[in-house]
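Coordinates in review
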Amino acid sequence: MANPNIVSVSSIKGESVGYNLTATTTTTLMTVSSNKLVKINRISCANVDGTFNSSLNLSVTKANYTPDGIADFDTSETFFLAKEIAIPAGGTVIILENPLYLQEGDVLKGGASAASDLDLIVSFESIDDAA
């Protein structure tokens, strides 16, 4: 199902997940399963450390897929949504507030400059095209 017709899907489920970025290296947070399309609606990042700032890296690694009706694009690459974005001590920053689609095989990755200082909340819709 690499690119479903979202007019005729079997289900759309609203979800939110939370992540504490426990590693200072970029790690896999979410991998889109087969027969799924994920529409990310919002990502917020809170610095749970009340003393020190921390920075966020957040990226998407695209699966090797050819989009419908688009030419001249990169596939199987990693693209940053946020690169070394400073999150102030005790503060929250909205990282994404406009929808972003992740197709099956796409991977959302994240990391913090200080382990366990940053929490992410990802609000999304899981769209299922399984028959």
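Check the entry above for the structure.
The rules behind each value
Residues numbered from 1 in each chain as written. Predicted model: local features only at pLDDT ≥ 70, side-chain atom pairs only at ≥ 80, totals over all residues. Heavy atoms only, no water. Helix = DSSP H or I, 4+ residues; strand = E, 2+ residues; numbered from the N terminus. Buried < 20%, exposed > 50% of the residue type's maximum accessible area, 1.4 Å probe, protein only. Contact = heavy atoms within 4.5 Å. Polar contact = N/O pair within 3.5 Å; in protein donor to acceptor, adjacent residues only side chain to side chain. Pairing = 2+ DSSP bridges. Axes fitted to C-alpha atoms, helices over the stretch in contact; angles between N-to-C directions. Salt bridge = Lys/Arg side-chain N within 4 Å of Asp/Glu carboxyl O.

Counting through the fold element by element, Ile-94 comes out in strand E6 (residues 92-96). Look at Ile-94 and you get partly exposed, because its relative accessible area is 35%. Each C-alpha atom, one on Ile-94 and one on Arg-42, is 7.7 Å from the other, the two residues being 52 residues apart in sequence. Contacts of Ile-94, omitting those with residues within four sequence positions, involve Arg-42, Ile-43 and Ser-44.

Moving on: the environment of Val-107. Topologically, Val-107 is positioned in strand E8 (residues 107-112). The sequence separation of Val-107 and Val-60 amounts to 47 residues, and the corresponding C-alpha distance is 5.5 Å.

Structurally, Asp-128 can be placed in strand E9 (residues 118-128). Here Lys-36 takes part through its side chain, which lies 2.8 Å from a polar atom of the side chain of Asp-128.

A word on the sheet that holds E8. Think of a sheet as strands paired side by side through backbone hydrogen bonds, with each pair either parallel or antiparallel. With antiparallel pairing, four strands are arranged side by side in an open sheet as E2-E8-E4-E5. The open sheet is flanked by strand E2 (27-31) and strand E5 (78-87), the only strands paired with a single partner. Between one strand axis and the next, the sheet turns by 20° as a mean value, whatever way the strands run. Pairing of strand E4 (residues 54-61) with E5 involves seven bridges; the strand directions are antiparallel. When the bridges of E5 are listed, Ser-54 appears paired with Ile-87.

Enumeration according to the criterion identifies two salt bridges in this entry. Here Asp-128 ties to Lys-36 by a salt bridge, and the two come within 2.8 Å at their closest N and O atoms. Residue Asp-128 is located in strand E9, and its partner Lys-36 is located in strand E3 (residues 36-47); the two are separated by 92 residues in the primary sequence. Classification of Asp-128 by relative accessible area gives buried; the value is 14%. Here Asp-106 makes a salt bridge to Lys-62, at a shortest N to O gap of 2.7 Å. Separated by 44 residues along the polypeptide, Asp-106 in the loop between strand E7 (100-103) and E8 and Lys-62 in the loop between E4 and E5 bring together distant segments of the chain.

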